[in-house]
Amino acid sequence: MTATIEAQTPPRTYPTQAHRPRRNRANVWLTLLLVLASVFTIVPFVAVLVLAVSPESAPTIPRQLPDDVTLDNLTAVLSASSFLRWTLNSVLYSVVSVVIILLTAAMAGYAFARKRFPGSTALMWSFLATLMVPIQATLIPMFVLVSRLDGVNTFWGLIVPTLANSQAVFLMRQFIRELPDELFDAAKIDGAGEWTVFWRLVLPLTKPVLATLGIFVFLWHWNDFLWPLVIAQTDEMRTLTVGLSTLNAESVARARIMASAAISVVPCLIIFGVLQRYLVNSVATTGLKG
Amino acid sequence: MTVQRAAVQRASWRQRARDPGWGLLFVLPMLVLFVIFRFVPSLGAVGMSLTDYRLSGDFSFVGADNYVRLFEDDLFFHSLRVTLLYAAICVPLALVVALGTATLLHHVVRGQSVFRGLLFLPYVTSFVMAGIIWTWIYESDGLINGLLEKLGVGPVPFLTGNQAMVLASLAVVSVWKSFGYSMLILVAGLKNIPEDIVEAAKLDGAGPCSRFWRITIPLLRPVIFFVLVIETIAAFQVFDTIYVMTGGGPARASYGLVYMLYDQGFKFFDFGYAATVGVVLFLVVFLISLVQRYVLDREKT
């Protein structure tokens, strides 16, 4: 949104005639450097794409551009049963996590923001304190716990331990606290029960922040690696990231690996394409970090 | 009247009694998740580090044996050194790239949102995908060496050379994938610098360079420290790219702390020892963020 505003308003300072050429030259340099930086970020994506459509074992980049373009690699990957299975697992892992985290974090955030109950402050702080413990530091006890509960190679073992998300709770609490008190008073006077207030008032009013949070939670889970790596030990439980790393470790043809990588990144690119402004603006305002 | 008062009393009593119950009820699902999957494992890590827990689930209490073993283990100090060296390369690199691009974005007249999008794009991918594509970029017949060949320069062993080169190559991948986040934080920080201070400096004849070093950097200091903290913590947790690209090699040149934890846990199934590495990892990260916090607070006053 900031970007649109900036695009519409004229530049704040009007350079005098004498300054203009120098300013323009400076701007050309700035643009050139930004183009260079963008080449650094974009070239790997282009390379994946070129390799994914290059015929197997035919000469390709960096020596030359491929003579032929083929979709064989992509179709072969898409018709391989394990790849589809990994994709399905990643979808389940991400989507189920998004739904449950949004719901439970909104509930907890609502309670922390609007309800007084014994120990609520201490509880909020203890939730936040877990942010200081890197997930890797508790990897071993988490794994032992889940394996003792027979959760290895199961969906619940994959999903449930990743749902305790303090960033989500804290963000929801901050947002719900800012909502005007009058709304809640009015609902109470109208005789709305607690559940009605939550479903009819809190959830609709927090839609923008739920959307932002949803995008981030989806990306975290879609791109997550270490937890799925230790929990999904059979081929059919692997997520896309884990599956890709095994393809990379086995000597699968390069074109095939690149085609898999290209397909795996598509959902993220779609999210990025559609919600770019949203995503980019929310980094600074919400402070969510993967 | 008595009836009325009784009704009011009952209502207010119910109101008060109802609130704590509902508050707890709304927190309950998340609370259960936190207790089981955050609090218990956090304490469990410390508990397990005092045992010789094995894959079978059998264990006995061994006191501080694991810690003694850790501090006599050359591999541990090696992996700690690897992680420190990696962070020493990665954090400044990330900061320079993020600050550089943020400054460029802040000053460029046209196309700001397009460039911002292009630079942020890698952030939405996974480290696994980044690792796979950069492995090829670094290979002897990969993108960079292919281009160098055309210039007649021999292949550079990015992932097979000496330790500094391997760690730097891995750091570049991390920076590629995630500098966009820090960049956006810094762009927001730059926007908050009051325009009139910059204008006043301009009128006083300060050039772009001295404006950058004497106005932008000092005013941006809190934001820069925040970026340093998150980048340092991220650098200490590096695992995915190492696992995908080097497997800790060559000859353990990239065998960092988290990789050691994974290796001890899931290759040797020495869970007690691996948990000990986890506790130490936590302490190291905690210590570093305390130091950074302290420096930041001192800067403020």
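Another point: the overall build of chain A. A count of helices and strands for chain A gives 14 helices and zero strands. Mapped from its N terminus to its C terminus, chain A presents α and β elements in the order α-α-α-α-α-α-α-α-α-α-α-α-α-α. Taken over the C-alpha trace, chain A has a radius of gyration of 24 Å; the compact-globule value for 290 residues is 19 Å, which it surpasses by more than 25%. In terms of principal-axis extent, the alpha carbons of chain A reach across some 75 × 70 × 35 Å. Of the contacts made within chain A by residues no fewer than 6 positions apart, 74% connect residues no fewer than 24 positions apart.

Our next topic: the overall build of chain B. Scanning chain B from N- to C-terminus turns up 12 helices and zero strands. Scaling as 2.2 N^0.38, a compact globule of 301 residues should have a C-alpha radius of gyration of about 19 Å, whereas chain B reaches 26 Å, well beyond that. In terms of principal-axis extent, the alpha carbons of chain B reach across some 100 × 70 × 35 Å. Buried positions account for 42% of the 301 residues belonging to chain B. If you take every contact in chain B between residues at least 6 apart in sequence, the share linking residues at least 24 apart comes to 70%.

Before going further, it helps to spend a moment on the domain arrangement of chain B. When its domains are assigned, chain B resolves into domain 1 (1-49) and domain 2 (68-300). Looking at the side of domain 1 of chain B that touches domain 2 of chain B residue by residue, the class counts come to three nonpolar, one polar and no charged.

Okay, helix α5 (residues 120-129) of chain A next. Residues and elements named next belong to chain A. Of the residues making up α5, those classed as buried are L123, M124 and F127. Down the axis of α5, the smallest arc covering the buried residues is 100°, so these residues share one side. Exposed side chains of α5 directed beyond 90 degrees from the buried face belong to T121, A122 and W125.

This next bit is on the interface of chain B and chain A. In this assembly, 74 residues from chain B lie in contact with 72 residues from chain A. No other element matches helix α1 (residues 2-49) of chain B, which puts 19 residues into the side of chain B that touches chain A. Tallied by class, residues from the side of chain B that touches chain A come to 54 nonpolar, 16 polar and four charged.

This brings us to the environment of V133(A). Considering the arrangement of structural elements, one finds V133(A) in the loop between α5 and α6 (139-148). In this structure, V133(A) is in contact with T138(A), S42(B) and F282(B), ignoring residues within four places of it in sequence.

All names here are of chain A. Confidence in the prediction of chain A, expressed as mean pLDDT, is 85, and 91% of residues score 70 or more. Across residues 1-12, where pLDDT falls below 50, the model places eight contacts with residues more than four positions away in sequence or in other chains. Here residues 14-18 scores under 50 on pLDDT; set against residues more than four positions off or in separate chains, the count is two contacts.

For I137(B), the position within the fold is in helix α5 (residues 127-138). Residue classification places I137(B) among the buried residues on the basis of 21 C-beta atoms within 10 Å. Between the C-alpha atom of I137(B) and that of F158(B), which follows or precedes it by 21 residues, the distance is 9.5 Å. Not counting residues within four places of it along the chain, the set of residues in contact with I137(B) comprises P44(A), A47(A), G142(B), L143(B) and I144(B).

In this section: the packing of helix α4 (residues 81-114) of chain A against helix α10 (residues 194-205) of chain A. Residues and elements named next belong to chain A. Running from amino to carboxyl end, α4 crosses α10 at an angle of 95°, the nearest separation of the two axes being 11 Å. On the basis of the axis angle, α4 is roughly perpendicular to α10. Together, A106, M107 and Y110 of α4 and F198, V202 and L203 of α10 make up the contact between the two elements. Looking at the contact of α4 with α10, its residues break down into six nonpolar, no polar and no charged.

In this structure, A261(A), Y86(B) and I133(B) are the most contacted members of the largest nonpolar core, which totals 161 residues. Top element by residues in this core is helix α7 (residues 163-191) of chain B. It accounts for 15 residues. Taken domain by domain, this core gets at least three of its residues from each of domain 1 (1-49) and domain 2 (68-300) of chain B. Residues contacting A261(A), with those up to four places away along its chain left out, are V48(A), L244(A), M129(B), I132(B) and I133(B).

Another aspect to go through is the packing of α4(A) against helix α11 (residues 207-223) of chain A. All names here are of chain A. Interaxial distance between α4 and α11 falls to 9 Å at its minimum, and their mutual angle equals 140°. Pair α4 / α11 crosses with right-handed handedness. Listed contacts from α11 to S90, Y93, S94, S97, V98, I101, L102 and A106 of α4 are L210, L213, G214, V217, F218, H221 and W222. The residue makeup of the contact of α4 with α11, split by class, is 10 nonpolar, five polar and no charged.

For the bond running from G249(B) to P250(B), omega is -10°, close enough to zero to count as cis. One can find P250(B) in the loop between α10 (240-245) and α11 (257-266). Located in the positive-phi region is N153(A), a residue other than glycine, with phi close to 65°. With respect to the helices, strands and loops of the structure, N153(A) is situated in the loop between α6 and α7 (155-159). Exposure remark for N153(A): the 15 C-beta atoms within 10 Å place this residue in the partly exposed category. At A251(B), a residue that is not glycine, the phi angle is positive and equals roughly 50°.

Let us now look at the confidence of the model for chain B. When pLDDT is averaged across chain B, the result is 87; 92% of the residues are at 70 or more. As a predicted assembly, this complex carries a pTM of 0.87 together with an ipTM value of 0.87.

Right, let's talk about helix α9 (residues 208-236) of chain B for a bit. The periodicity of an α-helix, 3.6 residues per turn, causes residues three or four positions apart to be oriented the same way. All names here are of chain B. For α9, spanning 29 residues, the distance from its first C-alpha to its last is only 35 Å, which falls clearly below the expected 42 Å at 1.5 Å a residue. For α9, the principal kink sits at R221 and spans about 65°; a proline, P222, occurs within the next four residues. Of the positions making up α9, those classed as buried are T216, L220, V223, I224, V227, E231, T232, A234, A235 and F236.

Turning our attention to the environment of F40(A). Position of F40(A) relative to the elements: it lies in helix α2 (residues 20-52). A C-alpha to C-alpha distance of 31 Å links F40(A) and R238(A), two positions 198 residues apart in sequence.

So, how was this worked out
- Residues numbered from 1 in each chain as written.
- Chains lettered and ligands numbered in written order.
- Predicted model: local features only at pLDDT ≥ 70, side-chain atom pairs only at ≥ 80, totals over all residues.
- Helix = DSSP H or I, 4+ residues; strand = E, 2+ residues; numbered from the N terminus.
- Rg over C-alpha atoms; globule rule 2.2 N^0.38 Å.
- Contact = placed C-beta atoms within 7 Å.
- Buried ≥ 20, exposed ≤ 12 C-beta atoms within 10 Å, placed from the backbone.
- Domains from an automatic or database assignment.
- Nonpolar A, V, L, I, M, F, W, Y, C, P; charged D, E, K, R; others polar.
- Arc of directions from axis to C-beta.
- pLDDT = per-residue confidence, 0-100.
- Axes fitted to C-alpha atoms, helices over the stretch in contact; angles between N-to-C directions.
- Parallel < 35°, antiparallel > 145°, perpendicular 65-115°, else oblique.
- Core = buried A, V, L, I, M, F, W, Y, C linked by C-beta atoms within 7 Å.
- Left-handed = near helix turned anticlockwise from the far one by under 90°.
- Expected span 1.5 Å × (residues − 1).
- Bend = angle between axes of the 7 residues up to and from the residue.

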